[in-house]
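Below are the chains, spelled out letter by letter.
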Amino acid sequence: MRNISAGAIVFFILLAQLCFGQSGFVTGTVTDSLGKPLEGALVAYSGSTSAVYTGPKGEFTLSIPSGTSVIIIVRATGYEEYRRKVLVPNGETTQIRVSMTSRTFIGAEKVITAEGTKPSPGVTMNPRIFDRLPSPTGDISAYLRFAGATSNNEMSTQYSVRGGNFDENLVYVNDIEVYRPLLTRAGQQEGLSFVNTDMTENIFFSAGGFEARYGDKMASVLDIRYKQPQRFAGTFTASLLGVNLTLEGTSEDLRFTWLFGARQKSNRYLLNSLDTRGDYFANFTDAQTLLTFHFNEHWNIEYLGNYAVNRYTLEPATRETDFGTLNNALRFTVYFDGKMNNRFQTFFNAVALNHSDHKHWRNKFIVSSFNTYETESFDIQGQYFIDQLEADFGKPTFGQVAFNRGVGTFLGHTRNYLDAWVNNAEYKSWYTNDVHQVAFGIRYQHEYIRDQLSEWNYVDSAGYSIPYNPTTSIDLQDVVKGRMSKMSNRLMGYIQYRYADTLRDSSLFMVTVGSRIHYWDMNGQTIVSPRVQFSWTPNWKADVTFKAAGGWYSQPAFYRELRDYAGRLNTNIRAQKAIHALVGSDLNFKLWNRPFRFISEVYYKYFDDLIPYEVNDVRIRYYGDNMAYGYAYGLDLKMNGEFVKGTESWVNLTLMRTQENLYNDAYYIYLNSDGDTIVSGFTFNNTPVDSIRQEPGFIPRPTDQLMTFALYFQDYLPMAPSFKMNLGLILGTGLPFGPPTHERWKQVFRMPPYRRVDIGFSYEIISPTKPLPQSSPFKVFKALWLGAEVYNLLQVQNTISYFWVKDVTGRSYGVPNYLTNRQLSVRLIANF
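Residues numbered from 1 in each chain as written. Predicted model: local features only at pLDDT ≥ 70, side-chain atom pairs only at ≥ 80, totals over all residues. Heavy atoms only, no water.

Notes on the sheet that holds strand β14 (residues 220-226)
Then step 1. Strand order across the open sheet formed by five strands is β10-β13-β14-β11-β12, with mixed pairing between neighbours. Whereas interior strands pair on both sides, the edge strands pair on one side only; in this sheet they are β10 (123-125) and β12 (176-177).
Then step 2. Relative to β12, strand β11 (residues 169-173) runs antiparallel, the two being bridged by two bridges. In the strand pairing of β12, Val173 is matched with Ile176. (Pairing = 2+ DSSP bridges. Helix = DSSP H or I, 4+ residues; strand = E, 2+ residues; numbered from the N terminus.)

With respect to the sheet that holds strand β4 (residues 59-65)
Two orientations exist for strands paired in a sheet by backbone hydrogen bonds: parallel and antiparallel.
Then step 1. The three strands are arranged β4-β1-β7 in an open sheet whose pairing can be described as mixed. Unpaired on one side and paired on the other, β4 and β7 (93-99) mark the two borders of the sheet. Adjacent strand axes in the sheet meet at a mean angle of 25°, parallel and antiparallel pairs treated alike. (Axes fitted to C-alpha atoms, helices over the stretch in contact; angles between N-to-C directions.)

Quick notes on the pattern of salt bridges
Then step 1. Scanning the model with the defined rule gives 42 salt bridges in all.
Then step 2. Between Asp451 and Arg563 there is a salt bridge whose closest N-O contact spans 2.8 Å. Placement of the pair is Asp451 in strand β23 (residues 436-461) and Arg563 in the loop between β28 (543-555) and β29 (576-591), with a sequence separation of 112 residues.
Then step 3. You can call Asp451 buried: its relative accessible area is 3%.
Then step 4. Judged by relative accessible area, Arg563 falls into the buried class, the value being 7%. (Salt bridge = Lys/Arg side-chain N within 4 Å of Asp/Glu carboxyl O. Buried < 20%, exposed > 50% of the residue type's maximum accessible area, 1.4 Å probe, protein only.)

Structural notes on unusual backbone geometry
Glycine aside, negative phi is the norm for most residues, and most peptide bonds take the trans geometry.
Then step 1. Of note, the phi angle at Asp175 is positive, near 75°, even though the residue is not glycine.
Then step 2. If you trace the backbone, Asp175 turns up in the loop between β11 and β12.

Side note on the packing of aromatic side chains
Then step 1. Tallied over the entire structure, the rule returns 43 aromatic pairs.
Then step 2. Between Phe232 and Trp258, the ring centres sit 6.3 Å apart and the planes meet at 45°, which makes this aromatic pair tilted. Of the two residues, Phe232 sits in the loop between β14 and β15 (233-239) while Trp258 sits in strand β17 (residues 256-266), which places them 26 residues apart along the sequence.
Then step 3. Between Trp540 and Phe546, the ring centres sit 5.8 Å apart and the planes meet at 75°, which makes this aromatic pair edge-to-face.
Then step 4. The rings of Phe130, Tyr143, Phe146, Trp650 and Tyr712 are connected pair by pair, giving a single aromatic cluster. (Phe/Tyr/Trp six-rings, centres within 6.5 Å; stacked < 30°, edge-to-face > 60°.)

Now the structure itself:
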């Protein structure tokens, strides 16, 4: 019987060879650039419908048609796809070695040396570590708080970096610059940012001193790499705040890959915890896809598309806010009429043609188009009461209204419309060998922006219009009127050279020198921005790298910088400029026999041709002219590692000071006959008899936050590791603020510190390490998590801005606008 079975096997093998031809074999190993084996990498050949996966030592054996050329394809999560043409003679075996290139530092962010890959200044983050981070937004900006960015608004996706504002940050997805809506005035209206974290594979974030290949902004760069699918998979997330669905897959021959993500979010549950009560409708939806088709081993084409629509409607009813001090406690009560209706709709489309010889050259041709159509429309009237609260603990009416200090009415009107198009055509190229890299690129950008702005506020206190005018006319406040239709063109380019080599003492040295050029035909300005980065890794027992970087970073105006407070347009405005200088170190070490990384940077930035601005919530209002110079300096300390074995946590501490000095901002204070300074609403003798000229000098910039501390901590029960805890803690000193008089020298008061703790508890129902039986109806899931999250665990009332009202005497009251209170949410995460 055994002889019959063996003979049958031989017969069928011979028959298969006669019918289908002989097979050959390709064997080998797959490693990273450091020579470490990669387990679980996909290995296949073009046109096949099956694949093999590498073993623990990176080994594989693949059967291929012999006697003809085929393309070997290797894919691994976090690495660039590898393609190589091979020809195996009939019945023989060919051995190859595959070294994969990390996708984290693709193109100009990487340099391959004999010892591996060394990054430029910045930090890399694995987004999967933050999948269970408790956060109301669940956005990429929540991750960046632990990498050096700051944000004092849990409902916003915006962030500031080292004294910059929200408009000073670059964001790239797969080498393509992406944009965001422009008219948003409050975090609760923002919705979703462009970056879909479930589609993200790698994050690179630089808080300054970045390379010339990145664009013309003054603060930071965020470089996102989306996933490169290897097989069909998906992720589904659902919570009380919305749902996300991500799907990915490949064609049978592996030439076509697709990645799709859809998100729906509603802030209504959070908004119901605010002081303003009313009917909220906040619905944010987006869908995006990344499609890739490989023509052959050298050429492929990508399509990145996004559609997003944010709808926010509010019919406010009442508001009651207590503020002030223990001895001077006040209550602000408002009864509203009216409605707010905002809608932001964006389209983004990009096509990229990629070429690589998999040895030295890589080229990329990009065509992209961004369109945003935004509308703001509201008429809201509020009748307000300012009441003094009883502050005597001994009275039974303690905390209740003692007497009224003022009544009034305000009316806000807005009709703003914006339609903007940004179209780009770009070419990038890299040449890399063992020690050298040359990168260059050129980009043409065409912009068409059309808007119509109409805003005003009216305040009436005790029957008197404010500001009071004894005539029959009515004076409105904060009037903005403007209409614009502008078309402009930009031409940008960069070139940079990088040298990296191993020195005689086996230490690694790297230097990158480059420059950008930017021309804008609206003001005719041409800007040249040279930049340099150094890196040295000594041959010490300690794994440490020392870094230094510096250069010129310019930011030409785009849209909001062109308008002043009255809506007037300044087309001659010059680019803002910054000089960066930083030094730092990157140390990898072991603590408790577990891996850790500690990054430190000291930096200084000098600013010139600044356009001063004020921030209210997330709305930035510029002064519309180059009116100031300034500086920023500080210290960033970051550490991440396994504080608890098997889980990675992050901690960040930032100390920073940023100030600016406005040109020609002197003012006078007036004295009355009693020698007292006249203060409207406080002094009775308001007849001036003398004046004193004041020079404000340097004043804090709106983002001057002296200290921020961020902690992301993960833990689990040792006896039941499927039960996990995730904690996010943010502490930050208060930001500057002042009355809305558009006089920058008055913006010197400080908000209360920002303090927030979010915590989540989750249970891993299904785990890849605990596969289900084939008979289980849930066997389709690779992992399944169910958790509960508590936002603002300590119930801290954080202030985001102030609402200013006056009484008839002219006395101003700054009423704090508080952020969200404690909320409970549940979340389900399913991977399949």
